[in-house]
Amino acid sequence: MTGIIFNIQKFSIHDGPGIRTTVFFKGCPLQCQWCANPESQLADIQILHDDKKCIHCLKCVHSCPQSAIYYENQKIVIKQEKCTGCLTCQENCPTQALSYEGEYKEIKEIVDICLQDKDFYDESCGGVTISGGEGMSQPKVLKELVMELKKYNIHLAIETTGYIEPKVFKDLAPLFDLLLFDVKHYDRDKHFKGTHVYNDLIINNLKWAIDHNINVLPRIPIIPHFNNSLEDARGMAQLLKKLGISQVQLLPFHQFGERKYELLNKKYAYKNIKALHPEDLKNYQQIFLDKGLDCYF
């Protein structure tokens, strides 16, 4: 069995306890306007174009067997819906202006890469984290990968959006030692505005996990003009308390993914928006602390 991933990052220290290997699955049901991994949203191989390296020789245009690339207004444009990921264009680019994200890997290959650092997991109480994208969007692949890793007594975590069909979520969530569960907004309409999905399914899955004693760490990405007001903090804290949650992690907005939008020729709604830092969010954090929640960055 093979799954499509876009990165395997070793020595991760922010994706769960200890030293970890993070496996990034491609494909996500959300379209968050601030997404730091926009290349993760589509569950297919994607071609990236770096206009700074491009000499406009048009070899990519002429070599594409699907006619998925064309030249318009002195710019290379890639029609993703036509692209089959054959990489002919990338192989023919003389200046390496084209690259790609996404690769099909067999379960055994992913497991072998993860096992290379098992000594570090054991020494640091670390393990393997599934990220993305959304790992549960490839449920069969994810389940087989998890079952193989469990044979080696590796601590397993997953960063999840929670926007998963309940049957799938209830099958997969109990397999993990830790759910790093994104909670982006308490208000369903505002949630839709920022992510293109409503939060009803997310909250229901989070409640189910809590009710079934699964180890869950809710994490709130603090995003300017979306959920960074003190009113938003109060609404989020109230929601978490209602669900019986006692601990929450805040993730300040950053700009690590800004360049990727340019390479993907995608509009970025948060271009030039200033990053946030823990010192900017002390009043925000205090609202959670006042509610009795263990809130940290």
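One can find the structure itself at the top, above this paragraph.
Keep in mind that this is a model prediction, so the values were computed, not measured. (Residues numbered from 1 in each chain as written. Predicted model: local features only at pLDDT ≥ 70, side-chain atom pairs only at ≥ 80, totals over all residues. Heavy atoms only, no water.)

**A few points about the overall build of the protein chain**
Per the secondary structure count, the protein chain includes 11 helices and 13 strands. Computed over its C-alpha atoms, the radius of gyration of the protein chain comes to 20 Å, within 12% of the 19 Å expected for a compact globule of 297 residues. The buried share among the 297 residues of the protein chain stands at 50%. Put simply, of all contacts in the protein chain between residues at least 6 apart along the chain, 70% involve residues at least 24 apart. On the protein chain, roughly 14,800 Å² of surface is accessible, and the fraction owed to carbon and sulfur atoms is 48%. Computing the positive centroid from 35 side-chain charges and the negative centroid from 37, the protein chain places the two 4 Å apart. (Helix = DSSP H or I, 4+ residues; strand = E, 2+ residues; numbered from the N terminus. Rg over C-alpha atoms; globule rule 2.2 N^0.38 Å. Buried < 20%, exposed > 50% of the residue type's maximum accessible area, 1.4 Å probe, protein only. Contact = heavy atoms within 4.5 Å. Areas by Shrake-Rupley, 256 points an atom, 1.4 Å probe, with all protein chains shown as cover. Lys, Arg positive; Asp, Glu negative; His and termini not counted. Charge placed at Lys NZ, Arg CZ, Asp CG, Glu CD.)

**Description of the pairing of strand β9 (residues 155-160)**
In terms of burial, β9 is largely enclosed, as 5 of its 6 residues are buried. Direction of pairing for strand β8 (residues 127-131) relative to β9: parallel, over a ladder of 4 bridges. Within β9, the position partnered with Val128 by the bridge is Leu156. Across 4 bridges, the pairing between β9 and strand β10 (residues 178-182) is parallel. In the strand pairing of β10, Ile158 is matched with Leu179. Each parallel crossover has a hand, and for β9 linked through helix α6 (residues 166-172) to β10 it is right-handed. (Pairing = 2+ DSSP bridges. Right-handed = clockwise from strand over helix to strand, strands pointing away.)

**Considerations on the packing of helix α3 (residues 107-115) against helix α5 (residues 139-150)**
At a minimum axis distance of 10 Å, the contact between α3 and α5 shows a crossing angle of 40°. One finds that α3 runs oblique with respect to α5. In this structure, α3 meets α5 at a crossing whose hand is right-handed. The segment α3 lies against α5, with Ile107, Ile110, Val111 and Cys114 engaging Val141, Glu144, Leu145, Glu148 and Leu149. (Axes fitted to C-alpha atoms, helices over the stretch in contact; angles between N-to-C directions. Parallel < 35°, antiparallel > 145°, perpendicular 65-115°, else oblique. Left-handed = near helix turned anticlockwise from the far one by under 90°.)

**As for the packing of helix α9 (residues 230-242) against helix α11 (residues 282-290)**
The packing of two helices is summarised by the inter-axis angle and the distance between the axes. Across the interface, α9 lies against α11 with an axial gap of 9 Å and an inter-helix angle of 25°. By the angle class used here, α9 and α11 are roughly parallel. As α9 packs across α11, the resulting crossing turns out to be right-handed. Between α9 and α11, the residues in contact are Leu230, Asp232, Ala233, Arg234, Met236, Ala237 and Leu240 and Asn283, Tyr284, Ile287 and Phe288, respectively.

**Re the pairing of strand β5 (residues 75-78)**
The pairing of strand β4 (residues 69-72) with β5 spans 4 bridges and is antiparallel. When the bridges of β5 are listed, Tyr71 appears paired with Ile76. Counting the residues in the hairpin turn of β4 and β5 gives 2 residues, including Asn73, whose phi is positive at 55°.

**As for the packing of aromatic side chains**
Applying the stated criterion across every chain, the model contains 11 aromatic pairs. Relative to Phe120, the ring of Phe11 lies with its centre 4.9 Å away and its plane at 70°, an arrangement referred to as edge-to-face. Here Phe11, found in strand β1 (residues 2-12), pairs with Phe120, found in helix α4 (residues 118-124); they are 109 residues apart in sequence, far enough to count as distant. Residue Phe11 is classed as partly exposed on the basis of its relative accessible area, which comes to 45%. Both rings, one in Trp34 and one in Phe226, keep their centres 4.7 Å apart while their planes meet at 40°; by these two values the pair is tilted. Within this pair, whereas Trp34 is found in the loop between β2 (20-25) and β3 (46-49), its partner Phe226 is found in the loop between β11 (216-222) and α9, the two being separated by 192 residues in sequence. The exposure class of Trp34 is buried, given its relative accessible area of 9%. (Phe/Tyr/Trp six-rings, centres within 6.5 Å; stacked < 30°, edge-to-face > 60°.)

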